[in-house]
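Summary of structural features
Below are the chains, spelled out letter by letter.
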Amino acid sequence: MTAKDLLNPHPVTITMEETFGGALEILLERHIRALPVLDSAGIYRGMFYLYDLWELLLPKAATIEGAITDLSFMPGSVEELREKVLEAGPRPVTQFLKDKEAPAIHPETSIKEAILMLYHHDGVLPVVEKKTRRFLGILTPWEILNRLRDKG
Amino acid sequence: MHSESAAKVIFGWNAAWVSSFIFAAVYVMVITEKLNRAILALLGAGLMILAGVLTQEAAIRGVDFNTIGLLLGMMVIVGITGKCGVFQYLAIWSAKKVKARPIGVLFMLSIVTALLSALLDNVTTVLLIVPVTLLITEELKVKPYPYLLSEILFSNIGGTATLIGDPPNIMIGSSVGLTFNDFVFNLTPVILVVMAATLIPIFFLWRRELTATEAAMNRVMKFNEREAITDPRLLKQSLAVLAAVITGFVLAHSAAIQPATIAMFGAAFLLLLDNFHRGADEQARSVHHAFSEVEWVTLMFFLGLFILVHGLESSGVIARMAKELLEATGGDRNVTVIAVLWGSAILSAFIDNIPFVATMIPLIKSMAPAFGGDEGLLPLWWALSLGACLGGNGTLIGASANLVVAGMAERAGQPIRFLAYLKSSFLLMILSILLSHLYLWVRFL
C-alpha cells in the first residue's frame, strides 16, 4: 500500500495571495492545523501551519533552537498577543512558509515510510507528483487510522 | 629539539620544508573557511606523522593535555550549570537594577558579559547571554545591534582578564606554567581600564538612539527573574562546584596541582551530584547529554593544532622563525614586546587567535636565552595574551564568540554585517591595544 491509496484528494487549500489573517480564519473555522499553499498552476508551494502562529506570538529568542527553553519568568497578556496577530493579519501567507515543515511525499511513497514521517513530524504530509510537484492531496493520521479500522 | 624527529621523512625530503608546507597549507585552508577547522587540523596532524616529520609518540608528546583537560572540564561544568537558568536570572536581574532603561541595560549586560567571560569560556558566555538580550531588546522595542556588538567586545575583553577566560590564556598559562593568580595580578588591572574606556565611546555612540517607552520598560520590569531558575537544587550544586573549582585554581599553585586536574575533577564531581539519584538508564542518558554539550570541534582542533606546531618545532622551523624575529627587532626586548603586542592584535583580528598563539608559544620560549631566561620573557607573554585576546575584537571573524553571536543574531532575524561591525569595533580594538601598550610600558619596560 502506498500514499496514492491513502491520500485525501480534496483537502482545503489556499492560494499564495491568501493573507495570514485569512489563513487563520480558515484554520479556526474548519478546526484543522495545516493548509497547503498552491500557486495558480496547482503546484505545491508550502504548508501554512498553526505552528506559524505560535512562532509569531513568541519572542524571537525563544524560537532559536536551544536558546531559551523556559519562559515562565515572562508574564504576558491576551491584548498584547492579539495586537501581534492583528499586525500580522494583512501580511501574505507566503512570508510564513519555512523549510522546517514536513517534506512532501509522493504517490509511490510506501505506507511505512509515510508513518515514519508522521512519527517524526506529527502533522500533515502533502502528497505531490515527483517531478512537477503538482499537488495531489494530503495524508494525515486520520486517513491512516480510518484505513486501519476498515476490515476490508 | 632535533632529536625528537627520530622518524624518517619520506623520500628523504627536508623535515623543515615538509612540516612548513603542511602547516602553511592547513593555515591557509583554515583562513578560507571552506572546510571545518577540526577536519583540517586533524588531517594536517596525520600528515605530519605519515610524512615522517613526527613519530606517533612524538606527536602525542606535543599535545598539551592540560589545555584540553581544562577546556573539557569547564565545558562540562558550564553545560550543566547553564541548564538551571542562572544566567537568565543574572541578565534579567541586572536589567531590572537599572529600571530597564535601554542605555543602562546596555551597560549592565556588557559588564555581566565581561564578568562571566572572565570566569567561563567566551563562547559559552555569549551563548547564554545573547538569547536573553534578544528577549529584553524585543520587549523594549529597541534594536539589538548595539547590545550584541557590545557583548562581543566585552566577552573578549573580560576573557583576557584571567587564566580560564580565553583559550589563548589557557594555552599560555599551561605551557609556560603561569598561574591563575599571575594572570589576575598582571592582566586584570589593565582589563578594568580597557572596560571603562570602551564603555565611554559606546555610550556616546548609542545614547540618542536607544530610547524605549514607559510601557516597554514596564514590561521588562514585570519579568520575574526568580522564575528563570528551573532547578534550584542543581543550581546550588553547580554554583558550589564552580566556586570550588575557581578557588582551586587560585590555591592550586602552592600544591602544584595543574588546572586540568581541578577542572576535570570538578566536572566529574558535578556529574556525580547530578546523577547519583538517577537509575542506570537515566544516568546513561544524562551523562551522554552532558558530554554531547562539549564543543568537540574546538577540542579536536586543539589536538590537531598542537601536533602541527610540534612538527614545526621539532624540525627546527620555530627556532629559525624566532631568530628572524629577534633580528628584526634588533634583539631589543622592549621592541620585541611591543611588536608582539601589535602584531598579535592585528593578526588576531583576521585569523583565529588559537593557531596563532599555539605557534607563538614555542617561538617566544626559544627567545629565552636572548632575554636572560624565563623571567625575562614575562612581559612577552602578557603582550601575546593582550594582543591575541583583545585583537579578536577587531573584526567579526576575529574570535569564535563573535561568530557565535553573529550566527544567533542571524537566526533571530537581526543579522550583523561584517563592515558595519568593523566600523566601530576596529577602532575600539585599537583603543584597547593602545591602553595595553601604555600599561606594558609603564609596568614592565
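Before any of the text, the structure's been laid out above.
Read on for a plain summary of the structure. (Residues numbered from 1 in each chain as written. Chains lettered and ligands numbered in written order. Predicted model: local features only at pLDDT ≥ 70, side-chain atom pairs only at ≥ 80, totals over all residues. Heavy atoms only, no water.)

1. Notes on the interface of chain A and chain B
If you look at the interface, chain A gives 16 residues, while chain B gives 18 residues. Together chain A and chain B conceal approximately 1,400 Å² of surface at their shared face, both sides included; 69% is due to carbon and sulfur atoms. For the pair chain A and chain B, the number of links is 1 salt bridge. Lys84 of chain A is the partner of Glu138 of chain B in a salt bridge, and the nearest nitrogen-oxygen pair spans 3.9 Å. Taken together, the connections running from chain A to chain B amount to 3 residue pairs in polar contact (both at pLDDT 80 or more). When contributions to the side of chain A that touches chain B are tallied by element, the ones reaching two or more residues are helix H4 (60-63) and helix H5 (78-88) of chain A. (Contact = heavy atoms within 4.5 Å. Buried area = accessible area lost by both parts, 1.4 Å probe. Salt bridge = Lys/Arg side-chain N within 4 Å of Asp/Glu carboxyl O. Polar contact = N/O pair within 3.5 Å; in protein donor to acceptor, adjacent residues only side chain to side chain. Helix = DSSP H or I, 4+ residues; strand = E, 2+ residues; numbered from the N terminus.)

2. Digging into the packing of aromatic side chains
Counted by the stated rule, this structure contains 16 aromatic pairs over all chains. Judged by centre distance (6.2 Å) and plane angle (20°), the ring pair of Tyr44 of chain A and Phe135 of chain A falls under stacked. In this pair, Tyr44 of chain A is assigned in strand E3 (residues 44-49) and Phe135 of chain A in strand E5 (residues 135-139), connecting sequence segments 91 residues apart. Comparing Tyr44 of chain A with Phe135 of chain A, the two get one shared label, buried. Seen in terms of ring centroids, Tyr145 of chain B and Trp206 of chain B are 5.9 Å apart; in terms of plane orientation they differ by 75°. Their pairing is edge-to-face. A residue pair is termed long-range when its members are at least 10 positions apart, and Tyr145 of chain B in helix H8 (residues 145-160) and Trp206 of chain B in helix H11 (residues 188-206) qualify at 61 residues. Put simply, the rings of Phe20, Phe48 and Phe96 of chain A pair up and form one aromatic cluster. (Phe/Tyr/Trp six-rings, centres within 6.5 Å; stacked < 30°, edge-to-face > 60°. Buried < 20%, exposed > 50% of the residue type's maximum accessible area, 1.4 Å probe, protein only.)

3. So, the packing of H8 of chain B against helix H21 (residues 400-411) of chain B
Any two packed helices are characterised by the angle at which their axes cross and by the distance between the axes. Residue and element names in this part refer to chain B. One can describe the packing of H8 onto H21 by two numbers: an axis separation of 9 Å at closest approach and a directional angle of 160°. Relative to H21, H8 is oriented roughly antiparallel. The interaxial crossing formed by H8 with H21 has right-handed handedness. Contacts between H8 and H21 involve Leu148, Ile152, Ser155 and Asn156 from the former and Ala401, Asn402, Val405 and Ala409 from the latter. (Axes fitted to C-alpha atoms, helices over the stretch in contact; angles between N-to-C directions. Parallel < 35°, antiparallel > 145°, perpendicular 65-115°, else oblique. Left-handed = near helix turned anticlockwise from the far one by under 90°.)

4. Examining the sheet that holds strand E2 (residues 34-38) of chain A
Residues and elements named next belong to chain A. The sheet built from 3 strands is open, its strands ordered E1-E2-E3 with mixed pairing. At either margin of the open sheet sits one strand with a lone partner, and together these are strand E1 (14-15) and E3. Across 5 bridges, the pairing between E2 and E3 is antiparallel. Paired with Pro36 across the two strands is Met47, which belongs to E3. (Pairing = 2+ DSSP bridges.)

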